[in-house]
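Chain residues, written in single-letter form:
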Amino acid sequence: MRSEGIRRITGLPYQHKRLNILYLYILQHGDAESKEVNPERPLSEQGLRDIRLLALHMQNVGVRLSHIFHSGKRRAEQTARLIADNIPPGIVPVQTKGLMPNDDPAAIVGDIESLQENILIVSHMPFVSRLCSLLLTGAATDAFASVPGTLICLEQAEGKWRLAYMIRPAFL
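Let us look at the structure shown here.

**Brief notes about the environment of threonine 150**
Topologically, threonine 150 is positioned in the loop between helix H5 (127-137) and strand S5 (151-157). Along the chain, threonine 150 and aspartate 50 lie 100 residues apart, while their C-alpha atoms are 9.3 Å from each other. What threonine 150 contacts, discounting residues up to four positions off in sequence, is Ile26, Leu27, Gln28, Met166, Ile167, Arg168 and Pro169.

This is the structure in structure tokens:
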């Protein structure tokens, strides 16, 4: 599927529409093969196990998503697909511009905040850390320590983002 921006895919307008609570799930792709083993860097066996466990956890706690966006790199696409296969109602993950490791997260904040639905973004470090810190503090810093397969859940209420939880594969 052609890579497009979040707003264009969802068809939502630019204006911000508040909800009581909006959940944004930001997931660092699962553990990947090294470049020496496979230049495309697909998920490793450990990465596949971790993301399957995470998907099961998300299903068991009742996570509901309307959209899943990923960077287009193979490991992010695989991670997104594994989550989508386990979270109703069978969402098709979409490759989206602006989610690459060194992209500026400020470029997609307006798109995220215009959504009226819970979404999952699958990306890479340092983008994951910078997006989270930007939404929480207003500054895109490397404030979040993350390992592959870490899920960060932010909630927005009354126009403000808060950290709801963060879970690493070792805790599943």
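So that's the structure; there's more coming.
**Here we look at the nonpolar core**
Counting 23 residues, the largest nonpolar core has Leu54, Met58, Leu65, Ile68, Ile83, Leu120 and Leu151 as the members making the most contacts within it. Counting residues per element, the ones that place at least two in this core are strand S1 (22-28), helix H2 (45-60), helix H3 (74-84), strand S4 (119-123) and S5. Setting aside residues no more than four positions away along its own chain, leucine 120 makes contact with Tyr25, Ile26, Leu27, Leu65, His67, Ile68, Phe69, Ile83 and Leu151. One finds Leu24, Leu99, Ile108 and Ile112 within the second-largest nonpolar core, a separate group that totals 22 residues.

**Overview of the side chain of threonine 150**
Judged by relative accessible area, which is 0%, threonine 150 ranks as buried. Of note is the side chain of threonine 150, whose polar atom sits 2.7 Å from the backbone oxygen of valine 147.

**Re the pairing of strand S2 (residues 67-70)**
Residues His67 and Phe69 line one face of S2 and the alternating positions Ile68 and His70 line the opposite face, and both faces are buried. By the bridge criterion, four bridges tie S2 to S4 in an arrangement that is parallel. When the sheet's bridge partners are listed, isoleucine 68 is paired in S4 with leucine 120. Bridge count for S2 against strand S3 (residues 94-95) is two bridges, and the pairing is parallel. The residue of S3 that forms the bridge with phenylalanine 69 is valine 94. Regarding topology, H3 serves as the crossover connection from S2 to the parallel S3, and that connection is right-handed.

Rules used throughout
Residues numbered from 1 in each chain as written. Predicted model: local features only at pLDDT ≥ 70, side-chain atom pairs only at ≥ 80, totals over all residues. Heavy atoms only, no water. Helix = DSSP H or I, 4+ residues; strand = E, 2+ residues; numbered from the N terminus. Contact = heavy atoms within 4.5 Å. Core = buried A, V, L, I, M, F, W, Y, C linked by side-chain atoms within 4.5 Å. Buried < 20%, exposed > 50% of the residue type's maximum accessible area, 1.4 Å probe, protein only. Polar contact = N/O pair within 3.5 Å; in protein donor to acceptor, adjacent residues only side chain to side chain. Pairing = 2+ DSSP bridges. Right-handed = clockwise from strand over helix to strand, strands pointing away.

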